[in-house]
Amino acid sequence: MQIVEVTGYAIRSAVITMRRRGTPLEFVIFPMQHVASPTFYSQVRTRLGRCDLIVIEGVRGRSAGLSALTLAYRFAPRRRRNGLQEQREELLLPGDVPVIHPDLTAAEAMADLRELPRWLYLLLMVAAPVMGLVFALRGPGAFLDEDLVVEDLPSTLRAEMLADHPVEHALTDRRDQRLLDALGEIHAERGDEPIRVAVVYGAGHVPAIVSGLAHRYGYRPHEAEWLTVLVQA
């Protein structure tokens with residue numbers, strides 16, 4: 001199943017609705033990008049307004065190390081000619097829908113990264129700001145990279161290697177576990193209610209979300225809607 005599609009001129013993200021036989025609760029998965037067009041965030045916000053509960057990504061607290069990492073995508077929107085925005089909750093959350101933040105604290109996230117080999121950790125800290133500058137200078141075209149394609153199962157050797165990279169595990173494994181535990185609690189407590197639960201997480205987390213909801217709780221993808229993340233002018 002394709003979650004994020006990248007062509008030579010655009011990125012599209014599939015909003016996936018997952019249902020379970022005999023259970024009225026629905027999980028609606030929104031694969032997010034940290035940088036996108038304002039229209040994308042507006043479309044997500046509209047759809048979140050139709051949901052009854054929002055579970056959203058967001059490391060709690062502050063850390064100098066995490067601030068350095070996020071420079072990789074915070075630079076690009078600052079050049080107005082790029083026509084891009086950084087993902088922020090005020091752009092997404094409708095205001096009248098309850099929100100849950102099950103993510104890690106900044107200290108927990110940094111502890112996972114420090115488990116990497118020291119040379120790899122230092123390289124990551126140095127490379128992030130450099131990548132941010134490249135993205136800012138190149139504009140939206142810098143994001144139209146095939147490595148941004150996300151599928152539930154890697155379809156190429158390179159995609160498989162990227163998915164199994166130690167940095168990817170450090171960035172996602174514990175966060176995915178924490179999220180799935182939170183979704184399990186919602187399923188246990190509210191599974192008999194006809195509600196729509198939005199899961200708003202980075203696209204890289206979505207394969208684990210889809211797999212976890214299926215294998216743990218029996219939810220299956222039922223339908224998908226494509227939203228355009230950005231278009232190369």
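Described below are features of the structure shown in this document. Not measured: the values here are computed from a predicted model.

1. Some words on the overall build of the protein chain
Then step 1. Each helix and strand in the protein chain was counted, giving 8 helices and 10 strands.
Then step 2. In the protein chain, buried positions account for 48% of the 233 residues.
Then step 3. When the accessible area of the protein chain is evaluated, it comes to approximately 12000 Å², of which 53% is carbon and sulfur surface.

2. Thoughts on the pattern of salt bridges
Then step 1. With the rule as written, the count across this model stands at 12 salt bridges.
Then step 2. Measuring nitrogen to oxygen at the nearest pair gives 2.8 Å for the salt bridge that ties E57 to R175. Here E57 is found in the loop between strand 5 (53-56) and helix 2 (64-74), whereas its partner R175 is found in helix 7 (residues 166-190), with 118 residues between them in sequence. No difference in accessibility class separates E57 from R175, as the two residues are buried.
Then step 3. Measuring nitrogen to oxygen at the nearest pair gives 3.1 Å for the salt bridge that ties D112 to R174. Of this pair, D112 sits in helix 4 (residues 106-113) while R174 sits in helix 7; the two residues are 62 residues apart in sequence, bridging distant segments of the chain.

3. Observations concerning helix 4
Then step 1. Of all the residues in helix 4, the buried ones are A106, A109, M110, D112 and L113. For helix 4, the buried positions fall inside an angular range of 155 degrees around the axis, keeping them on one side.

4. Digging into helix 8 (residues 206-217)
Then step 1. Between its first and last C-alpha, helix 8 extends 16 Å over 12 residues, near the 16 Å set by a 1.5 Å rise per residue.
Then step 2. Listed in full, the buried residues belonging to helix 8 are V206, P207, I209, V210, G212, L213, A214 and Y217.
Then step 3. At the exit of helix 8 stands G218, carrying a positive phi of roughly 80 degrees.

Procedures and definitions
Residues numbered from 1 in each chain as written. Predicted model: local features only at pLDDT ≥ 70, side-chain atom pairs only at ≥ 80, totals over all residues. Heavy atoms only, no water. Helix = DSSP H or I, 4+ residues; strand = E, 2+ residues; numbered from the N terminus. Buried < 20%, exposed > 50% of the residue type's maximum accessible area, 1.4 Å probe, protein only. Areas by Shrake-Rupley, 256 points an atom, 1.4 Å probe, with all protein chains shown as cover. Salt bridge = Lys/Arg side-chain N within 4 Å of Asp/Glu carboxyl O. Arc of directions from axis to C-beta. Expected span 1.5 Å × (residues − 1).

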